[in-house]
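# Geometric and topological summary
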Amino acid sequence: MSPLPPGSTIGILGGGQLGRMLSQAAARLGFDVCVFTDEPDSPAARVSAQAIGGSYLDHAALAEFARRVDVVTTEFENVPAETLEALAAAGARVAPNAQALAVAQDRLAEKSFFTQLAIATPPFAAVESQADLDKALKNIGAPAILKTRRLGYDGRGQIRIETPADAAHAYERLGAPGILEGFCAFEREVSIIAARGRDGQVAFFDLCENDHTGGILSRTQIPARAGADIEAAAQASARAVLEAFDYVGVLTIEFFLMPDGALVANEMAPRVHNSGHWSIEAALTSQFEQHIRAIAAWPLGPTTRICDAEMINLIGDDAGNWAAYAADPDARLHLYGKRDARAGRKMGHVTRLKR
Ligand code: AMP
């Protein structure tokens, strides 16, 4: 594919804050963006040149979307397979590809895929029934975590099992199909954000260190407290995943860093990631620009970090403190334009530059 010239239109499936920041980065490079979302008044549509509102299963609307855009990308991984098939049938070029999205949608497929690539994961087993869960718990041991295979995010769709006596209750609440994972007593959580261009070029952002509160990312610090060997291992895993999928765009892998220095892969996101928001101010190219460059067949940009930084998510009512952040010269404030500050909802973030 030859580089898309400025003035081309990039299609984004999804209307959330990741789509919003992708759209802003695309605009900076001279592209127009058309957002396709089923969410009315979405954060992404409100900053984009065009938007189509509709169900992800509305083939006529998807065909119209495909007609308007030069390339399609996604800001969330749970795009239905039918949507991708309809877009392909309408002649759209979609990046990342359907295989990467399908694997990332299913925790069992994802962990099996990591295993095939010799990337360590927590011990895991498929759970289709209460009997499977009992057997898996015997093999893996407690504590463990029962997770839904699909549609879990930000700590939703998972229950910690402290002792075998908790198993029946956990299964009643989550049901099947699920996956049981051994609990990893990690030292910290880190993520690697990588990109692969249309020409196969690969680039990495510096390893991020992430704190979660109640399963939701609360803070990222950069650089991570991890040695060069650990960072190199994370990069090798990301490269293997990118190449296995013949991937185009940004991809993130979250790991547990164990006390002995081993990295254990928790999950991957076939997209830009919350732990990479610091790159907007603290790297020469942001993760959002990098993704747009990759899908537009432009050369990848330099990922050099300019300074140390921390990113703090503004969740629910936190965004009510916007005036204090706005008055702080070291805090770069981002608000996503969401109308309703529900508990647990990501409303914005602040990046503090440590200059
Ligand atoms: P997830 O939705 O799978 O990313 O899980 C959300 C958070 O739960 C992770 O960032 C971890 O803090 C924690 N967690 C998930 N799986 C495990 C595990 N197998 N062992 C320890 N902690 C976990």
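Everything numeric here is computed off the predicted structure, so don't read it as measured data.

## A few points about the sheet that holds strand S8 (residues 178-182)
- Taken in spatial order, the 4 strands of this open sheet run S5-S8-S6-S7, and their pairing is antiparallel. Since the sheet does not close on itself, it has two edges, and those belong to strand S5 (124-127) and strand S7 (158-161), each with one partner. Neighbour-to-neighbour, the strand axes of the sheet open up by a mean angle of 20°, direction not taken into account.
- Where strand S6 (residues 144-148) lies against S7, 4 bridges are found, and the strand directions are antiparallel. In the strand pairing of S7, Ala144 is matched with Ile161.
- Taken strand by strand, helix H7 (residues 167-174) contacts S5, S6 and S7, and its axis lies near 175° from that of S7.

## Side note on the sheet that holds strand S4 (residues 71-74)
- The 4 strands lie next to each other as S3-S2-S1-S4, forming an open sheet whose pairing is parallel. At either margin of the open sheet sits one strand with a lone partner, and together these are strand S3 (50-53) and S4. When strand polarity is set aside, the average angle formed by the axes of neighbouring strands in this sheet is 20°.
- Judged from the 4 bridges that link them, strand S2 (residues 32-37) and S3 form a sheet pairing that is parallel. Bridging from a neighbouring strand, Val35 pairs with Ala51 of S3.

## Focus: the pattern of salt bridges
- Summed over the entire model, instances satisfying the criterion amount to 25 salt bridges.
- Across the pair Glu64 and Arg68 runs a salt bridge whose closest N-O atoms are separated by 2.8 Å. Remark: Arg68 and Glu64 occur in helix H2 (residues 59-68); sequence separation between them is 4 residues, near one turn of the helix.
- One salt bridge in this structure joins Asp330 and Arg355, with 2.8 Å as the shortest N-O distance.

About the criteria used
Residue numbers run consecutively from 1 along every chain, following the written order of its sequence. Per-residue local features are limited, in this predicted model, to residues with pLDDT of at least 70; the limit for side-chain atom pairs, both in listing and counting, is 80 or more; totals at the level of whole chains, interfaces and linings are taken over all residues. Here the side-chain values reflect all heavy atoms present in the structure, with hydrogen atoms and water set aside. Between any two strands, at least two bridges found by DSSP are needed for them to pair. Secondary structure elements follow DSSP: runs of H or I no shorter than four residues count as helices, runs of E no shorter than two count as strands, and numbering proceeds from the N terminus. Between the N-to-C directions of two axes lies an angle of 0 to 180 degrees, each axis being a line fitted to C-alpha atoms and, for a helix, fitted only over the stretch in contact. Whether two residues are in contact is decided by their heavy atoms, any of which lying within 4.5 Å being enough. Salt bridges are defined by distance alone: a side-chain nitrogen of Lys or Arg within 4 Å of a carboxyl oxygen of Asp or Glu.

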